[in-house]
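Summary of the model geometry
The residues making up each chain are set out below.
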Amino acid sequence: MSATVNNPFQHIVEPLDSKDPTQQFYNLSKLGDPRYERLPFSIRVLLESAVRNCDEFLVKSSDVESILNWKHTQTQTVEVPFRPARVILQDFTGVPAVVDFAAMRDAVMKLGGDPEKINPVCPADLVIDHSIQVDFNRKSDSLQKNQDLEFDRNRERFQFLKWGSKAFRNMRIIPPGSGIVHQVNLEYLARVVFNFDGYFYPDSLVGTDSHTTMIDGLGVLGWGVGGIEAEAVMLGQPISMVLPEVVGYKLSGTPNQFITSTDIVLTVTKHLRQVGVVGKFVEFFGPGVSQLSIADRATIANMCPEYGATAAFFPVDEVSVQYLEQTGRDAEKLAYITKYLKAVSMFRDYNNVSQDPDFTRIVELDLTTVVPCCSGPKRPQDRIAVSDMKSDFESCLGAKQGFKGFQIPPERHSTAVPFRFNDKDYTLNHGSVVIAAITSCTNTSNPSVMLGAGLLAKKAIECGLSVKPYIKTSLSPGSGVVTYYLKESGVMAYLFQLGFEVVGYGCMTCIGNSGPLPEPVVEAITQGDLVASGILSGNRNFEGRVHPNTRANYLASPPLVIAYAIAGTVRIDFDKEPIGTDSEGKDVFLRDIWPTREEIQAVEREFVIPTMFKEVYEKIESVNERWNSLVAPSDKLYPWDTNSTYIKSPPFFDGLTMKLQPPQSIHEAYVLLNLGDSVTTDHISPAGNIARNSSAARYLTSRGLSARDYNSYGSRRGNDAVMARGTFANIRLFNKFLNKQAPKTIHLPTEETMDVFDAAERYIQSGVPLVILAGKEYGSGSSRDWAAKGPFLQGIKAVVAESYERIHRSNLVGMGVIPLEYLAGDSAESLGLTGRERYTILIPEPLAPRMLVDVKLDTGKTFQVRMRFDTDVELTYFHHGGILNYMIRKMSEN
């Protein structure tokens, strides 16, 4: 929204240009408050939104004062509203959002309201990027085959999304084959400054993907929220947030010529994980920032969820404006962007110390100390210097099962399994690379690392090096611009020769859409119980995410992805061991083929030019002919097809009435799962392939589908019957009841071991409530609303954990599942909980944010936990049974 009628701050509105009085802005400098110039730049964006949207109802003058007083209120759990300028979605999270909207229209209709009130009131862009898989690679027609298969598999979903683009105002769909949501956002969708309805104001957004933070690198404040919360924003609700602490991250120095932005972000990720920035904003400053391109900054901002912050903000500076020019933005827009941001003191000069604002605390990184590195084998924050990769992997091999351990007995560390592929003999060992993917917006948005990979490929080919044919190699750029400059610069041919041809435009391997490995490779891995490796330029490497058969997965820069693919193993010390031999039999070391920063920059200056961006993005919404010819319904209410296994009307609003039911205590609940630390949303609601022996597979088979048509869990998020069965179906889920990894649990009344969904269903049939016990960082990883919806449908009333990832806690609140947190120092272990007890959780009245509640066990033991409803707004949602129920009742009022 541009501005609010009867705004008490109307007196600071003035024209940006005296020659055009119709184009106005809220001049925050005219507040006459010295506190404004000391605010972090990210907090200034929150302030501007509060000032512009102040109506003394949803946004009050007292909220403006709280934000202005940030220096003193930041540590006091002060709640403020925030109305982002827009919302961005991708199709895995976008489909369930549109399904919810369609079901909400039905519910409003039943309650006597106007169903068309369920409609986005702010711009919403949905980019279809999560559906394509690496089914084909190493073929000249792999791209076309993968795109054809994507469309064949997902026709129903795409038809539904096309209906949504017509049925809902303010909703734009970017068709499949266009690129990755965050890269498209960076290169095309970002406004930086809005000029709408006669007002200028900062671009800002929330997105249904945790890596929405990538746009922070361009100076657009944005972060990921749950799909449920995003739906409320689209319907005009402000986000209720606790005013965050802001950690100032000071960058100094210049990285050496062999360092990539990936090395920097993996170093920052480990550092900030150690500092502790969960729930906080990080704002970058210092002279080192001016050494980083926007693509470098975006890479660092992209991995914000991996270091746990809410946002990772780089205020707009001259480099930002140059990037907008390079990516083909209109000159007139560039002029008003600069003029507006300077007028409101939001334009940054990183070398001007007098501009440095106040921060909660300051931490520093000298860029000269960064070394080439990877992260893994199971978490993005576990950085390893490339020089230590070999020794670290070998240490992990024998270490106790955990984030840095596979517990392989010493006598099996040298296991070698011979196999035959394409009529040739090969051998696999622990550490053998079987997947090498240049993937993800994290890196494919950055011309320096992509051209670096291309130049390394060129030098490798010229030295006679190659990649073994059984390694699944792939290149999945985040936009067509990447292909354009790789071809124009002449390096694409060399990438292709090494097996890195373009297989699709989408997230692909980064989100687990890596497709099948060759059967002989799978058999060899299984036969030897091998810890095979994946190497990818992505942002996440949690267990079971990349591929079921790669137990060790490492995040790396695109050039390093190619290097490890050529080496064929992660058990190599590149400093001491050759990567291969040339045509004359001489050793070739990685340093011999590694391009310098100067080489890369010279190619980038010549070939990454504005006309490329303009040419690609001018036709982005119309270039996909199959999308253009797709026929979708035109009704305002969606005509649900009961035969569809992709799109199904969800049961969330069944029986909903206008009358509120008081919250009920939870009596004699069983524990469905007893979990440990760092349970991710991938563990809770996997996005990858549907296993043939799973509950979801049995359901799909009963609907007449064969295994080849199962597709992935992510593609079936529009069908609650599949997703409820897929909840906790990750093969790497470690349940303490079983003391091993398996997507199963024990049905406690009968002591039977069964799939988690089957056990939950049996409890539901018995009328018994369920809870989950968990450790630290429950729900970390991707922004995934089905990680809350699925447990809700499994009958889970509450989760008791040591701590929560921010977005997942919000999603639980949104579904009416109670997030409970052990008191400091308490845990399941310290309290002696086995999970076999029955739990009674007493819900008092009246409720208050973050209040303590009692938990009573059937053993006679009692302890207290904190109820993690952090704001009054969240308590309102809970009283309604969830945020969507609240919105339906609100929209149904006459």
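First, a word on what this report is: a plain description of the structure on this page. (Residues numbered from 1 in each chain as written. Predicted model: local features only at pLDDT ≥ 70, side-chain atom pairs only at ≥ 80, totals over all residues. Heavy atoms only, no water.)

Here's the deal with the packing of aromatic side chains
What counts here: What counts as a ring pair is set by centres within 6.5 Å for rings of Phe, Tyr and Trp (its six-membered ring), and what kind of pair is set by the plane angle: stacked under 30 degrees, edge-to-face over 60, tilted for all other angles. Working definition: helices are DSSP H or I runs of at least four residues, strands are E runs of at least two. Numbering for both runs from the N terminus. Throughout this description, buried means an accessible area under 20% of the type-specific maximum (1.4 Å probe, protein chains only), exposed means over 50%, and partly exposed covers the range between. Throughout this description, the term charge over a ring refers to an Arg CZ or Lys NZ atom that lies within 6 Å of the ring centre and within 35 degrees of the ring normal.
What the rule picks out here adds up to 32 aromatic pairs. Ring geometry for phenylalanine 160 against tryptophan 163: centres 5.7 Å apart, planes inclined by 20 degrees, an arrangement best described as stacked. On the criterion of helical spacing, the pair formed by phenylalanine 160 and tryptophan 163 is a turn pair, its members being 3 residues apart in helix H5 (residues 142-167). Accessibility classification places phenylalanine 160 together with tryptophan 163 in one group, the buried group. The interplanar angle of 5 degrees and the centroid separation of 5.3 Å between the aromatic rings of phenylalanine 194 and tyrosine 201 together place this pair among those described as stacked. Tyrosine 201 carries the same exposure label as phenylalanine 194, and that label is buried. Of the aromatic side chains, those joined through ring pairs into one cluster are Phe101, Phe160, Trp163, Phe168, Tyr638 and Trp640. One residue, arginine 52, lies across the ring of tyrosine 201, its end atom 3.9 Å from the ring centre. Positioned above the aromatic ring of phenylalanine 589 is the side chain of arginine 591, whose terminal nitrogen or guanidinium carbon lies 4.3 Å from the ring centre.

Overview of the side chain of lysine 162
Our working rule: His is not counted here, nor are the chain ends, while Lys and Arg score as positive and Asp and Glu score as negative. Within this document, salt bridges are pairs made up of a side-chain nitrogen of Lys or Arg and a carboxyl oxygen of Asp or Glu, the two lying within 4 Å of each other. The contact criterion used throughout is that any non-hydrogen atoms of two residues lie within 4.5 Å.
Its place among the elements puts lysine 162 in helix H5. It is glutamate 625 that comes nearest to the buried, bridge-free lysine 162 among opposite-charge side chains, at 9.5 Å. When neighbours within four sequence positions are excluded, lysine 162 is seen to be in contact with Trp627, Asn628, Ser629, Leu630 and Ala632.

Notes on the sheet that holds strand E6 (residues 171-174)
In plain terms, the rule: Think of it this way: DSSP has to see at least two bridges between two strands before they count as a pair. Here an axis means a line fitted to C-alpha atoms, over the contact stretch when the element is a helix, while the angle between two N-to-C directions is reported on a 0 to 180 degree scale.
Sheet architecture is open: 5 strands sit in the order E6-E5-E4-E9-E10, paired in parallel fashion. Edge positions in the sheet fall to E6 and strand E10 (221-224), since each of these pairs with one other strand and no more. Taken over all neighbouring pairs, the strand axes of this sheet differ in orientation by 20 degrees on average, direction set aside. Relative to E10, strand E9 (residues 204-207) is paired through 4 bridges, and the arrangement is parallel. Following the sheet pairing, valine 206 is matched in E10 by tryptophan 223.

Some remarks on the pattern of salt bridges
In this structure the tally under the stated criterion is 50 salt bridges. Here lysine 648 and aspartate 720 are joined by a salt bridge, their closest N and O atoms 2.9 Å apart. With lysine 648 in the loop between helix H23 (625-628) and strand E26 (666-674) and aspartate 720 in helix H26 (residues 720-726), this residue pair connects regions lying 72 residues apart in the sequence. What makes aspartate 720 buried here is its relative accessible area of 9%. Residue arginine 708 is joined to aspartate 709 by a salt bridge in which the shortest nitrogen-to-oxygen separation is 3.5 Å.

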